[in-house]
Amino acid sequence: MPSDIAENIANVRAGIARACARSGRDTSAITLLAVSKTQSPDVIRLAAQTGIATLGENYCQEALEKIAALRDRPLIWHFIGPLQSNKTAAVAAAFDWVQSVDRLKIAQRLSTQRSPELPPLNICVQVNIDDETSKSGIAPNELPVLLDAIAALPNLNLRGLMAIPLADAGPEQRRSSFARMHDLFESQRARFAQFDTLSMGMSDDFEIAIEEGATLIRVGSAIFGARPRKADK
Ligand SMILES: *Cc1c(COP(=O)(O)O)cnc(C)c1O
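Not measured: the values here are computed from a predicted model.

Conventions and cut-offs
- Residue numbers here run from 1 along each chain, matching the order of that chain's written sequence.
- Two thresholds apply to this predicted model, a pLDDT of at least 70 for residue-level local features and 80 or more for giving and counting side-chain atom pairs, whereas whole-chain, interface and lining totals are computed over all residues.
- Derived side-chain values reflect all non-hydrogen atoms in the structure, with water molecules and hydrogen atoms excluded from consideration.
- Note on conventions: DSSP H or I runs of at least 4 residues are helices, E runs of at least 2 residues are strands, and numbering of each starts at the N terminus.
- Burial here depends on accessible area, computed with a 1.4 Å probe over protein chains only, as a share of the maximum for the residue type. Under 20% is buried, over 50% is exposed, and the range in between is partly exposed.
- Regarding the arc, it is the one traced by the directions from the helix axis to the C-beta atoms.
- In this analysis, two residues are considered to be in contact whenever any of their non-hydrogen atoms come within 4.5 Å of each other.
- Here a strand pair is declared whenever DSSP counts at least two bridges between the two strands.
- Orient the strands so they point away from the viewer; a crossover is then right-handed if the path from the first strand over the helix to the second runs clockwise.
- Salt bridges are identified by distance alone: a Lys or Arg side-chain nitrogen within 4 Å of an Asp or Glu carboxyl oxygen.
- Any residue with at least one heavy atom within 4 Å of a molecule or strand is counted as near it.
- Any N or O atom pair separated by 3.5 Å or less is treated as a polar contact, with the protein-specific requirement of one donor-capable and one acceptor-capable atom, and with residues adjacent in sequence counted only for side-chain atom pairs.
- Per-residue and other accessible areas follow the Shrake-Rupley method at a 1.4 Å probe size, with only the shown protein chains counted as cover for residues.
- Charged means Asp, Glu, Lys or Arg here, nonpolar means Ala, Val, Leu, Ile, Met, Phe, Trp, Tyr, Cys or Pro, and polar covers whatever is left, Gly included.

*Asks:* An account of unusual backbone geometry is needed here, citing residue identities and associated values.
*Replies:* Within the chain, T38 stands out as a residue other than glycine whose phi angle is a positive 70 degrees. By the secondary structure assignment, T38 is in the loop between β1 (31-35) and α2 (41-49). Phi at N155 is positive, roughly 70 degrees, even though this residue is not glycine. For N155, the position within the fold is in the loop between α6 (143-151) and β6 (156-163). Judged by relative accessible area, N155 falls into the partly exposed class, the value being 25%.

In structure tokens form, the structure reads like this:
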């Protein structure tokens with residue numbers, strides 16, 4: 001419900017503060033990304049007025065319309081959904097970040113299609129941390145080679161890693177997935193100049209993710225309310 005957005009954001013920020021207090025972290029180390037898939041530009045504008053500066057979108061066509069409608073605001077747009085080759089040109093032109101890169105071919109296309117006039121496109125590599133056969137993301141053991149290849153591409157800025165743990169995992173299983181992501185992140189961090197982003201944690205588990213080292217959390221329904229089922233992907 002739009003009228004609840006300010007209150008919802010305040011509640012999420014309180015949760016961030018609690019998790020930071022428990023784990024001895026500073027809240028300034030955490031970026032709150034609002035996942036605005038299925039939400040209208042007017043609703044996103046309300047969130048922006050409450051201090052949200054970073055948005056995440058999953059569907060290219062839907063996102064392009066919203067980015068255009070909100071061009072008057074200084075928002076930072078992250079593409080977080082599965083990315084097909086035929087969408088890379090539009091994504092490279094309109095977004096500031098892509099968090100869902102999991103193969104070299106997609107990174108190469110983004111690199112070629114990102115205009116050198118724009119700042120480099122920020123990239124997170126998505127990791128399949130729970131080894132799910134149906135899930136996007138690269139296997140942890142294949143990660144270093146992919147990161148090296150991406151770091152060598154022009155017009156991209158390799159910023160870190162992203163993961164979506166098993167949807168039906170309980171809190172302790174999620175914590176273990178987040179902890180493994182944090183180990184992977186730390187093991188790669190020193191090799192790349194601007195590798196500073198560990199994107200993990202959503203509405204139901206962002207406090208656990210922060211306790212385990214997330215630097216960016218992706219929160220949708222806890223800010224905007226439940227989404228219609230069809231788009232809930
Ligand atoms: C939809 C989505 C989210 C937000 O999920 P909520 O449970 O609504 O917070 C986060 N990350 C990705 C990749 C998503 O697709």
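*Asks:* Any details on α2? Residues and values, ideally.
*Replies:* Taken together, the buried positions of α2 are occupied by V43, I44, A47 and A48. Each buried residue of α2 lies within a common arc of 145 degrees when the element is viewed along its axis, so the set occupies one face. Structural note: α2 exposes D42 and Q49 on the side pointing more than 90 degrees away from its buried face. Looking at the buried residues of α2, the elements they touch are α1 (5-23), β2 (54-57), α3 (60-69), β3 (76-79) and α9 (221-224). The first or second residue beyond α2 is G51, which carries a positive phi of 100 degrees.

*Asks:* Quick one: what's the story with the pairing of β6, residue by residue and with numbers?
*Replies:* Counting buried positions along β6 gives eight out of eight residues, so the element sits mostly inside the fold. As paired strands, strand β5 (residues 121-127) and β6 are joined by seven bridges and run parallel to one another. Counted as the bridge partner of C124 is G160 from β6. Tracing the backbone out of β5, into α6 and back to the parallel element β6 gives a crossover that is right-handed. Bridging between β6 and strand β7 (residues 197-199) involves three bridges; their strand directions are parallel. Looking across to β7, one finds that L161 is bridged to L198.

*Asks:* Quick rundown of the pattern of salt bridges? Include the residues and the values.
*Replies:* Taken as a whole, this structure holds 15 salt bridges when the rule is applied. For the salt bridge of E207 with R22, the shortest nitrogen-to-oxygen distance reads 2.7 Å. You can see E207 sitting in helix α8 (residues 206-211) and its partner R22 sitting in helix α1, a full 185 residues away along the chain. A salt bridge links R159 to D196; the nearest nitrogen and oxygen atoms lie 2.9 Å apart. Taken together, the positions of R159 in strand β6 and D196 in the loop between α7 (171-189) and β7 put the pair 37 residues apart, joining distant regions of the chain. Of the residues examined, R159 reaches a relative accessible area of 15% and is grouped as buried. Residue classification places D196 among the partly exposed positions, given a relative accessible area of 33%. Each member of the salt-bridge network shares a partner with another, and the members are R18, R22, E172, R175, E207, E211 and E212.

*Asks:* Which residues make up the site of the ligand, and what are the values?
*Replies:* Among the 13 residues in the neighbourhood of the ligand, the closest are listed as K37, N58, S203, G220 and S221. At 2.9 Å, a side-chain N or O of R218 approaches a nitrogen atom of the ligand. G220 has a polar backbone atom sitting 2.8 Å from an oxygen atom of the ligand. Surface burial for the ligand is 92%, taken as the share of its 390 Å² of free accessible area covered by protein chains. Here the residues of the shell around the ligand sort into five nonpolar, four polar and four charged.

Don't take any of this as a statement about function, it's just geometry.
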